[in-house]
Every structure is written in structure tokens, then in C-alpha cells.
Amino acid sequence: MTSEALSKGYEPADVEAKWIAYWQDEKTFTPDPDGPGEPYSIVIPPPNVTGALHMGHALNITIQDILCRYHRQLGRKVLWVPGTDHAGIATQNVVERSLAAAGSSREELGREAFIERVWKWREEYGGKILNQISRLGASVDWSRERFTMDEGLSKAVREVFVRLYEDGLIYQGDYIINWCPRCHTALADLEVEYAPHIGKLYHIRYPVEGTETFVTVATTRPETLLGDTAVAVHPEDERYKDVVGKFAILPLVGRRIPIIADAYVEREFGTGCLKVTPAHDMNDFELGRKHGLEVIAVQDAAGRINENAPEKYRGLDRLAARKAVVEDLKELTLLDDIRDYEHNVGECYRCRTVIEPFVSKQWFVKTGPLAKVARKAVEDGRTIILPDQWTKTYYDWLDNIRDWCVSRQIWWGHRIPAWTCDSCGELVVARETPTSCPACGGSRLTQDPDVLDTWFSSALWPFTTMGWPDQTKELATFYPTSVLSTAFDILFFWVARMMMMGLHFMDEVPFRHVYIHALVRDAEGRKMSKSLGNGIDPLAMMERYGTDALRFTLAAFAAMGRDIKLAEERIEGYRHFINKMWNAARFALMHVADGAPEMELSQAAKAGLCHAMILSRLERLKGTVSRAIEGYQFNEAAQELYGFFWREFCDWYLEMAKVDLGGEDEFKKGAAKRVLLTVLSETLTLMHPIVPFVTQEIWSKLPGTAEPNLAKVPYPPLRTELISDEAEAAMELLRLVVVGVRNIRAELNINPGVKLTALVHAEDAAQAASLTANAAMISFMAKLERFEAGPDVAAPKASASAACGSCALFVPLSGAVDFDVEFLRLSKEEVKTVKELTVVEKKLGNEDFVSRAPADVVAKEREKQDALSEKLARLRELKDRIRKLMAEEA
RNA sequence: AGGAGCGUAGCUCAGGGGGAGAGCACUUGCUUGACACGCAAGGGGUCGGGAGUUCAAAUCUCCCCGUUCCUACCA
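Rules used throughout
Residues numbered from 1 in each chain as written. Chains lettered and ligands numbered in written order. Predicted model: local features only at pLDDT ≥ 70, side-chain atom pairs only at ≥ 80, totals over all residues. Heavy atoms only, no water. Axes fitted to C-alpha atoms, helices over the stretch in contact; angles between N-to-C directions. Helix = DSSP H or I, 4+ residues; strand = E, 2+ residues; numbered from the N terminus. Parallel < 35°, antiparallel > 145°, perpendicular 65-115°, else oblique. Contact = heavy atoms within 4.5 Å. Nonpolar A, V, L, I, M, F, W, Y, C, P; charged D, E, K, R; others polar. Core = buried A, V, L, I, M, F, W, Y, C linked by side-chain atoms within 4.5 Å. Buried < 20%, exposed > 50% of the residue type's maximum accessible area, 1.4 Å probe, protein only. Phe/Tyr/Trp six-rings, centres within 6.5 Å; stacked < 30°, edge-to-face > 60°. Lys NZ or Arg CZ within 6 Å of the ring centre and 35° of its normal. Near = heavy atom within 4 Å. Polar contact = N/O pair within 3.5 Å; in protein donor to acceptor, adjacent residues only side chain to side chain. UniProt positions renumbered as here; feature names shortened; annotations may be inferred. Expected span 1.5 Å × (residues − 1). Domains from an automatic or database assignment. Pairing = 2+ DSSP bridges. Salt bridge = Lys/Arg side-chain N within 4 Å of Asp/Glu carboxyl O.

Undergrad: Please provide a residue-by-residue account of the packing of helix α1 (residues 12-25) against helix α23 (residues 692-699), values included.
TA: Viewed as axis vectors pointing N to C, α1 and α23 meet at an angle of 85°, and their least axial separation amounts to 10 Å. Relative to α23, the element α1 is oriented roughly perpendicular. Between α1 and α23, the residues in contact are V15, E16, K18, W19, I20 and W23 and P692, F693, Q696 and E697, respectively. Taken together, the residues of the contact of α1 with α23 break down into 6 nonpolar, 1 polar and 3 charged.

Undergrad: Lay out the nonpolar core in plain terms, naming residues and giving numbers.
TA: Ranked by size, the top nonpolar core spans 219 residues in total, and within it M55, Y394, F456 and F649 carry the most contacts. Among the elements that make up this core, the one with the highest residue count is helix α21 (residues 634-661) (15 residues). F456 has contacts with V157, V160, F161, L164, I170, V365, W404, V406 and M501, leaving out every residue within four places of it along the chain. Membership of the second largest hydrophobic core comes to 29 residues, among which are Y202, I259, C273 and V298.

Undergrad: Run through the packing of aromatic side chains, naming residues and quoting values.
TA: Aromatic ring pairs are defined here through the distance separating the ring centres and the angle between the ring planes. For the coordinates displayed, the defined rule picks out 41 aromatic pairs. An angle of 75° between the planes, with centres 5.8 Å apart, marks the rings of W119 and F147 as edge-to-face. You can see W119 sitting in helix α5 (residues 111-125) and its partner F147 sitting in strand β4 (residues 146-147), a full 28 residues away along the chain. In textbook terms, an aromatic cluster arises when at least three aromatic residues are bridged by ring pairs, as seen for F552, Y574, F577, Y642, F645, W646, F649 and Y653. A cation over a ring is seen here: R256 above F247, with NZ or CZ 3.9 Å from the ring centre.

Undergrad: Lay out the protein's contact with RNA strand B with the relevant residues and their values.
TA: Residues in contact with RNA strand B amount to 57 residues; listed here are only the nearest, A218, N283, N344, R562 and R852. What you see for RNA strand B is that sugar and phosphate hold 66% of its atoms within 4 Å of the protein. Here N579 contributes a side-chain N or O atom positioned 3.1 Å from a sugar or linking oxygen of RNA strand B. Y642 is positioned with one of its side-chain polar atoms (N or O) 3.4 Å from a sugar or linking oxygen of RNA strand B. For the surface near RNA strand B, the elements supplying multiple residues, two or more each, are β8 (214-219), β13 (335-348), α18 (568-592), α21, α24 (725-747), α28 (847-852) and α29 (855-889).

Undergrad: Explain the UniProt feature "coiled-coil region" (unreviewed entry) in chain A to me, and be specific about the residues and the numbers.
TA: The UniProt feature table records "coiled-coil region" (unreviewed entry) at residues 858-888. Secondary structure content for residues 858-888 is 100% helix and 0% strand, and the end C-alpha separation is 45 Å.

Undergrad: For helix α7 (residues 151-166), give the residues involved together with the corresponding values.
TA: Spanning 16 residues, α7 covers 23 Å between terminal C-alpha atoms, matching the ideal 22 Å at 1.5 Å per step. If you check which residues of α7 are buried, you get L153, A156, V157, E159, V160, F161, V162 and L164. Two residues or fewer after α7 comes G168, characterised by a positive phi angle close to 75°.

Undergrad: Outline the domain arrangement of chain A, supporting the account with residue identities and numerical values.
TA: We note that the domain assignment places domain 1 (17-161 + 455-517), domain 2 (179-358), domain 3 (567-723), domain 4 (728-817) and domain 5 (820-889) within chain A. On a C-alpha basis, the centres of domain 2 and domain 5 stand 80 Å from each other.

Undergrad: Provide a residue-level description of the pairing of strand β28 (residues 799-804), including the pertinent values.
TA: Burial within β28 is extensive, with 6 of its 6 residues counted as buried. Of the two faces of β28, the one lined by S799, S801 and A803 and the one lined by A800, A802 and C804 are each fully buried. Taken together, the 6 bridges between β28 and strand β29 (residues 807-812) define a ladder with antiparallel strand orientation. Considered in β29, the bridge of S801 is made with F810. Hairpin connection, β28 to β29: the antiparallel pair is bridged by 2 residues, and G805 has positive phi, about 60°.

Undergrad: Can you break down the environment of A612 residue by residue, with the values?
TA: Within the secondary structure layout, A612 lies in helix α20 (residues 609-630). Ignoring anything within four residues of it in the chain, the contact list for A612 reads A605, L722 and A727.

Undergrad: Quick rundown of the pattern of salt bridges? Include the residues and the values.
TA: The tally for this structure, following the rule as stated, stands at 62 salt bridges. The closest approach of N and O atoms between E356 and R221, which form a salt bridge, is 3.3 Å. Taken together, the residues span a long stretch of sequence, with E356 in strand β14 (residues 356-365) and R221 in the loop between β8 and β9 (230-233) at a distance of 135 residues. Each member of the pair, E356 together with R221, is buried. In this structure, R620 engages D725 in a salt bridge whose closest nitrogen and oxygen atoms are separated by 2.7 Å. A residue pair is termed long-range when its members are at least 10 positions apart, and R620 in helix α20 and D725 in helix α24 qualify at 105 residues.

If you want it as C-alpha cells, here you go:
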């Protein structure tokens, strides 16, 4: 490959689109189910088709992409399925709004035309979020993209519905459900969100039949009085002992309603007396069933009072009715008290309208048996939830699960495959549209107008995306999927339901691991939300700092079990790192643009300490990074890579390698080139899962790469023989000497341009030899004109000094040395060393420690003691020397 | 009401029985051969408080304080 000079700074905008197209053209991410390697698969949590990419998506996509790219490097056949869900209510809302703006409505259009309109909308705008996911670099297989309303998935949904019905796990019934009067549909319990509202608590007196007394109930919704069918008190409440069993006369209506006793009533709350409206309150509904109470619905689907109420209230909206009821009660002097009252009120999670509990005919999934199986799969470890603390939450939800209302009174979604015979009323649930009634043979059948909850189809995602109910090669190869990565907020909505459905229909869990990732919050720790306007737009970040900078930031902060507080400055900071990579590569290519000589790395390691050191460190890094990724510790992987690349590779290795690269020794020069190229290219491979673009761009400029597509390059081989404790220890000593000189230079304000001499008194022959052998490196790094090390090196008279481990470092200074400054510097170091030594000696002086602590811990402490004592001895010698010099001078 | 998490350097957070760490910020000095999106040197912490277990506690247990979140209910 030819080389061209790299630009001075990394320009992400220029390269990202190019590589996305390249990977796509190369079909890099389309696996062959018959190909070699262990399968590894992920299905994307399908984003809402109306959605736009937010930080939570960006984090989740980054995590999944790291996993997929990493496992691809390990030679697995990786399938990552992308797609979107049809978001019934949300999508219908969006299209209805645009119709309203044009002065039309879905009713005006009619069902078929409306659905056609939604499909058109989807065609035009529905690809937005997928396009954004693509820009993040997601290595998904676009050839297998799915949509929950696709033909195949729709067929699967119908199959599932019918089978569940046949298994007795789906039923239709009149039950109380959460009703959104604006969306005109039922909502599942999970789709109701509670928010504090300031309301009023009304105390209303109900006359007790046959007496002159009253019972006083407390309510926040006085208009529901019209539907009351009982009054309830606690059985042990002395205040009401006498009235239990009697009847109350419902004000404004005149209905005779029983006064019942039930322990559900809390004596302390309000008046301790509860009005019961089974048709319009969840708990009252349960109470009504228990006591066989009448259910009288007094509101219609739009929240207006209906014909079951006295005539004067009919047609009134619920709030208008409330006003009227309150006025009338006042008039009758039955209203005892009105007080301000803050309480939680259920709202529709899509439109924030206050929901009304409402009795109507709906379809339910009987969740009990399904939940039991879903729980057991996690108990048995067939699916592992990470981090583990979420397991309990998962159990709690399944243990308290209620039947799932799956019918929705909207048009956009999977139509329920149930028909009623017009002539005999027979209910038919079937895969194919029936042409005649199986009961009476009648030919006129009417399909249920409702559609299914979007989450019903989402729950099937792991297997329907792979072609179920057909027995496809994909299913055989890639199901169960390896991991599901998601935020905790849809653990119930989605994860638990996928578990139930996957186990029921595939007889196998849908995924081996569930990784619950962090929630991305703003810099103040608040949840990012549209209403607060505190969201950081990932696309803006990608444009400003590059996609890799955003990805690296998210990875670096993705510690398990902890939320991420994200500020733009963080992303900006990691852009510096991306740029650093770019420049390191730019430097490397100045030297190895035409390749490096073939040479065994074990040979190259012998060419110099720095080469041996960096190769050893690289080998350790490989292990750390793969352990981190496999343990979902992305922050750890990012941090290790950052530290290695910047601190070890750039700050030390690249600097030291300059000596060999610019030197005359052809062997050393060749070794340096070989090592430089190897470390750079293998580091790029290790970093590629996190920062795919910059690594691929640099890769394309490297000489001698057999595979141009970095996404296809295997994880670098382990060469454990290159790991060398000796090289790393020798390097550490060298580092101490260099830092020692630099420190003296900085503290004594010696201009960086001035070349110094450094002398090291080293008793240990091996240490002395190692330092001497690396004199050129040390001189270059510390800007020296002369360097000497050995057991016989003596302290020059006028010099600054420092202790480097067990060695003494001297920097002779021409002109006067300020002994006071010197003395102070050494004293400071001495105090620190004494403090450390004291801690160690105290430990070793403790007999219990020596006898009870593990031998290796004690041995380590002794080693530490030796090293610190030697260092301290050195420091004291140096101080003595100064003291003498001061005396001489005086 | 039940449950979970968090509290470590100015900020954001790793770590998780045996040397208190990183990044950013800060101070000082630098157009040193890729990089000022940079280089070099440095300062900075009763690991929220208290008790216990242990030879040894930032780490384990209990209590308290502060904080965030989840679930359920709220007539």
C-alpha cells in the first residue's frame, strides 16, 4: 500500500461516511449461517419507528457494536439484527397530527386509507433512526433488517395469538382497564405513569337508610359518585359498627347501596369510609367482584357522563360533571369539607392525559403460567442478568404480575385475528380469515376492530426476526441469542415478556445474557428528557467531535451498575485522545511508510529495552482488554487502552524509539521499525471495536496489511513469551532516573534547552549494566550530554541529587548550587519515605501479622521494607553530603 | 409502604480485605524531530459519620446521616 502524508489533525467528517459505505459494500456484517466459527448473535432493541437517536440509544448501540466487533475478531460468526417497532399509539398520533394540520382526520379517511397513510409516512420518515444508528458505525446486518409490521412478523404475531388462544392463555373479558380518553384506547398497567397532581379531597355525606345519621366518604373524584354501588368500612372500625349491613341512599341518584365491611379500607385515611365505584376504579372493581357488587359505568369512552346517570349530568365531560355534582351536593348541604390534596394520578405515557379506569371488553394474556417459566429460567441460570442486582427486580415483577391487557382501540397495529358471527354470535379465532361460521355456517363474520399492543409483537422479536414460525437456518444457528443489551426501564415492558414468549414458543430462552446498561443523565444527574430540554444530542456530538470520540466517551463511562452523568466536555476530552492516535500514527508512518524489515519479535525485543518493554506491555494489554470486554466492563477496556496508548506507547516508547529510528545502527533501526509497526497495528486492532473509524482509516494507510478491512482482521495472537518482568523492571528504573533528572530540572528552573550531565551510583551490577546499556535513551529522554552509571560513580561536588530506588542520582551543576534548596528537596522526599517505611515496619513488627498473614503478603512487605530502607539510606547520605558541603562553604 | 443503588482529589468517577488510583480541572515551565486536540514537572484525599469482625477495613457486617432511583398504593 502506498503512503501519503496524513493531515495534521484527524478529520472525522472526511472518513466516517466512506467506511460505512465500504463495510456495507463488502457485506462485512452479513454472516453465513453455514460458515465456520461459533455463532454469536444479538437482536437490536427495536427503536420506535417515530423516534430519533438519543444518548441512551447511542450508548446501547456502542455497547452492542463493541461486543459484535470483538467477537467477530475472535472468529465467531456474528449476527446483529437491526430493525424498528411500529409503535402503535405513537405512530398513529404522529400521523393523526399531520392529518389534523391538513384539516382532516382518520375518521374522515376511513380505516384502510388511514393505514395506507401510515405506511406512506413510515416509508418517508421511518428510516431516520436506522440511518442514525448506521452513522454510529453499528456493525449490523442490514440485509436482515426487520420491522414489527413486516409480512413475516405479522404472520408470526397471528400464529402466536392463535396458539396462545388455543393453549388457553389468551381470553376476552369485561374487565376494568386503564383508558386514555384522548387516545381512545386501553392501556396496559405498565403504560400508565403516576405523577403528583394537586387536587381536592371532598367529604360527602350519604344518608343511612332508616336512620337520621350519615356516613361520610372521602373522594378526589366526586363525579364517580354517580356510579357508586356500595360504601365500605373496616370491619373492626368501632365508629361504623352499627351501620354495617344497612344501606345508604346515594345522593343525587337515590340508589340504595349496601354498606359493606372489608379490611381493605384503611381506618386512618380520610373518614375511614370508602365509596365504592367498581366501574371506575381499579381497587373498587376488585372489591366489587369480591362482594358481588353491581358494576355501573357512568362514563363513556370519551370521558363523558352516559345514560346510566341521572339525566341532568348526561353528556357532561368528567370535569364539568365534577363541578355540577359538587354544586348540587353543596345545595343539599351534603358536602362536608373540601380540602387541597396532593396525590398521584395516572397519566397516559404517550400523551399525558389523565387516564380513567374503565370497564370494557378486552383481550388479555394470562401471564401466570408464562411468568413462572420465565422466572425459573433465570433461577436455573439459563439466562443470566447482569449486573446481578436486577435479578431481584425481575423476580419481583414476575411474582406480582397481573394479566396483560393486549387489545388497543386504535388502527395502526396487528389486527386481532378474532371474528364474531353476525348470525349466531360465535367467536372465531383463526390464522386465516374465516369464510363461514363453524357453529352455524353463516357467512357474515365481523373481525374484532382492535389491534394488539405493540409490545406484543416486540415480545416475539428474538425469534420472529429470524423467520419464525418457519424453521429457518437463522433460527437453528443464532437462537438463543448471546446477549440482550438494554436499559433497565424496559426490563418489564420488554425483557420479561420476551422471556415468557421465547420460552413458550421456542422452548428455549431468547438470550443467554441480559446486560442492563447505565442510564445516561445530564451533568447534574437528571434524566435527559425532551421536556427538560437537557438532552445532549448524540448526532450533534458526532458532528462536532467525531463518532469515535462519542463512542469512546460512552465506553469509558459505561461502568456496570452505575448511571452516566454526561457533559459535553467529556466528549471533547476524548476527542483529544482520538487525535493523539492519529498523530502517533502519523509519526509512525514517517518511519515505516515503506514497511518494516521481517524480523522475529523475540529478536527485535533484544535490540533494546524499550522494545522489549513495549512488547511485554502489549501482551499484557491483550489479556486485560479481552477479559474486560467479555465481562462487560467496557470502562475498564477503554481505560486500559487509553493508558497504554497514551502513557506507555506515546509518552515513552515513541520518544525512546526516536533514538533507534534516527540512529546509524541498522539492526536497531530495523527492530524499532518492526516493533513500532507491530505495536501500532495490533493496538489498532484492539481499539477497533470501540473506535472503528479512526482505526480503520489509519489501518488503510499502514504498509503490508494483508486484509484491508480492519473489521475482518482477527484479534492479535497472544505471544506470552514476550512478557518480561525483567524488561518492565529495568524500564521502571530507567524511568525513575529520567523523571529524577526532569524533576531536578523543573525544580531548579533549569531551561529545557540546557544539556545536563547525570551520574547514577548503582551498587547492583545488573542495574548498573542496564542503565549503561541504555545511556543513549536516557540521555535523549532527559536531555543529557553525558550519562554514567556504575558502582564506582562518585558524587561530584556541586550537584543536585535524588534517590532512584536504591540508586543515587547526581546532576552536577556548573555555577553555584543552592544548598538550601537542595536540602529542602531531599528532606521532603525523606519525610515521605519515612512515613511509608513506618507503616511497613509497624506491620512487620506485629507478631500476629507475621504469623497469621499469608506468607506471600509478608514477603511482599519485607521486600517493600528493603526497598524503602535503601532509598532512605540513599536520601540520608545525600543529605549528609549537602550538609558537609554547606559546612565547608561556611 | 417495599426494594435497589450511590456517598473516594475541586469535578466526573474506577477500585473493592494487605502499597489511595484515573481522566478532566488546577499550578509551574516549554514553538524538544507526530500531536498546543501538545510536551514536561508538580500540588491536592479522616475513601459520609459511628460501632463491630479481622493480624489487617476505603473494601465485610450493623446502625446513623445525606442522596438518587424503581415498584405498589394513595378513597
